[in-house]
Amino acid sequence: MLNVSVKNLSFSYDKELILADISMEVKAGAFVCLLGQSGCGKSTFLRLLAGLEKPRMGEILVDNEPVLKAGLQRGMVFQDYGLFPWMSAGENIMIALKQKFKNMSTHERKLEAIRRIKDVELLESIFDKRPKELSGGMKQRCAIARAFSIDPPILLMDEPFGSLDAVTRAKLQELVVNLWKKETKNRKTIFFVTHDVDEALLLATDIFVLGQSPSKIIYNYSFNGDKKLDRKTIYDNPQAVQLRNELIKIIHNEIQMKTNNKM
Ligand SMILES: Nc1ncnc2c1ncn2[C@@H]1O[C@H](COP(=O)(O)OP(=O)(O)OP(=O)(O)O)[C@@H](O)[C@H]1O
């Protein structure tokens, strides 16, 4: 469990500023959803959290230590799964285990990979299957199994369910929440990028909306430990209805502003 503190973070790939003066305090074990329209810099923000990019100004601290490079402390799950296509599903998990647990024998790694495959409700028989033999949902389950297998205290998820159908998406949302909740003592701090307001309402303990050009935090909401929403209640619970309307309004205003600026 690690606290994450983002202080006055600014970033540009070249001359154009992408992120401007972003600050946030995230408590260990939070499930943070980042919302914002396409191109506002959500993935860039995750890359900075991962240590794959360096801030131009400001800093990111994990338990008071600055993030200076990528490390096993922060795992990533991508929309396009990020599995090595030439390896089987099981080998994809085993290679991650090898990086983290240097002293584990091959046999132990195989047993652990199988355990992780079962944890994400897949059959052991997919261990030998290549990613191209698996459905999108199965591939994403493998990617989640791989991310959880190295047990990173911080998990960065970049629109992981963006390309899945509604039913698979709902099942994987449940899966991730259950895996996250299962760890009562050392619950992971999750940063989850999504375009979907309902997904954020369902999953998040904390919601941040990023504006754009350059991207700043334009809204944030914290459930402060009293979240009682689930799939059955998010459509009629008054708190959820009000929050959904507010979030949609804010995001639409941003889109409108962007359109007006272009005209
Ligand atoms: N490697 C890169 N080099 C230069 N510019 C980049 C690079 N990656 C992203 N950008 C630019 O940075 C801006 C933010 O991109 P980013 O992918 O972070 O946005 P996003 O909010 O995640 O978008 P989406 O929701 O569509 O995935 C965009 O203008 C994009 O073109």
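This is a predicted model, so every value here is computed, not measured. (Residues numbered from 1 in each chain as written. Predicted model: local features only at pLDDT ≥ 70, side-chain atom pairs only at ≥ 80, totals over all residues. Heavy atoms only, no water.)

A.B. asks: Account for the pattern of salt bridges, with residues named and values stated.
C.D. replies: Applying the stated criterion to the full structure yields 13 salt bridges. The salt bridge involving Arg 115 is made with Glu 112; its shortest N-O contact spans 3.0 Å. With a gap of 3 residues between them, Arg 115 and Glu 112 both fall in helix 3 (residues 106-119), about one helical turn apart. For Arg 115, a relative accessible area of 41% corresponds to the partly exposed category. Through salt bridges with shared partners, a single ionic network connects Glu 112, Arg 115, Arg 116 and Asp 119. (Salt bridge = Lys/Arg side-chain N within 4 Å of Asp/Glu carboxyl O. Helix = DSSP H or I, 4+ residues; strand = E, 2+ residues; numbered from the N terminus. Buried < 20%, exposed > 50% of the residue type's maximum accessible area, 1.4 Å probe, protein only.)

A.B. asks: Quick one: what's the story with the nonpolar core, residue by residue and with numbers?
C.D. replies: Residues Ile 144, Ile 207 and Leu 247 are the most contacted members of the largest nonpolar core, which totals 53 residues. Contacts of Ile 207, omitting those with residues within four sequence positions, involve Cys 33, Leu 35, Ala 200, Leu 201, Tyr 219, Asn 220, Tyr 221, Phe 223, Leu 243 and Leu 247. If you look at the next biggest cluster of nonpolar residues, it comprises 28 residues, including Leu 9, Leu 48, Leu 49 and Leu 210. (Core = buried A, V, L, I, M, F, W, Y, C linked by side-chain atoms within 4.5 Å. Contact = heavy atoms within 4.5 Å.)

A.B. asks: Before we move on, can you summarise the site of the ligand with the specific residues and values?
C.D. replies: Residues in close proximity to the ligand include Tyr 13, Ile 18, Gln 37, Ser 38, Gly 39, Cys 40, Gly 41, Lys 42, Ser 43, Thr 44, Glu 159 and His 195, which together make up its full environment. Gly 39 is positioned with one of its backbone polar atoms (N or O) 2.8 Å from an oxygen atom of the ligand. Measuring from an oxygen atom of the ligand, one finds a backbone N or O atom of Gly 41 at 2.9 Å. Bound to the protein, the ligand loses 57% of the 630 Å² it would expose on its own. A total of 3 residues in the shell around the ligand trace back to one element, the largest contributor, which is helix 1 (residues 42-50). (Near = heavy atom within 4 Å. Polar contact = N/O pair within 3.5 Å; in protein donor to acceptor, adjacent residues only side chain to side chain. Areas by Shrake-Rupley, 256 points an atom, 1.4 Å probe, with all protein chains shown as cover.)

A.B. asks: Which residues make up unusual backbone geometry, and what are the values?
C.D. replies: For Asn 64, which is not a glycine, the phi torsion comes out positive at approximately 70°. Relative to the assigned elements, Asn 64 resides in the loop between strand 4 (57-62) and strand 5 (65-66). Given a relative accessible area of 68%, Asn 64 falls into the exposed group. Positive phi values are uncommon outside glycine, yet Glu 121 reaches one of about 60°. Assignment of secondary structure puts Glu 121 in the loop between helix 3 and helix 4 (136-149). Residue classification places Glu 121 among the exposed residues on the basis of a relative accessible area of 57%.

A.B. asks: Could you give an account of the sheet that holds strand 2 (residues 17-26), naming the residues involved and the relevant values?
C.D. replies: Strand order in the open sheet formed by 4 strands is 2-1-4-5, and the pairing between neighbours is antiparallel. Each of the sheet's edge strands pairs with one partner strand only, and the pair in question is strand 2 and strand 5. The strands that helix 1 touches are strand 1 (4-12), strand 2 and strand 4; relative to strand 1, the one it contacts most, it runs at about 120°. (Pairing = 2+ DSSP bridges. Axes fitted to C-alpha atoms, helices over the stretch in contact; angles between N-to-C directions.)

Limitation: the analysis is restricted to geometry and does not speak to function.
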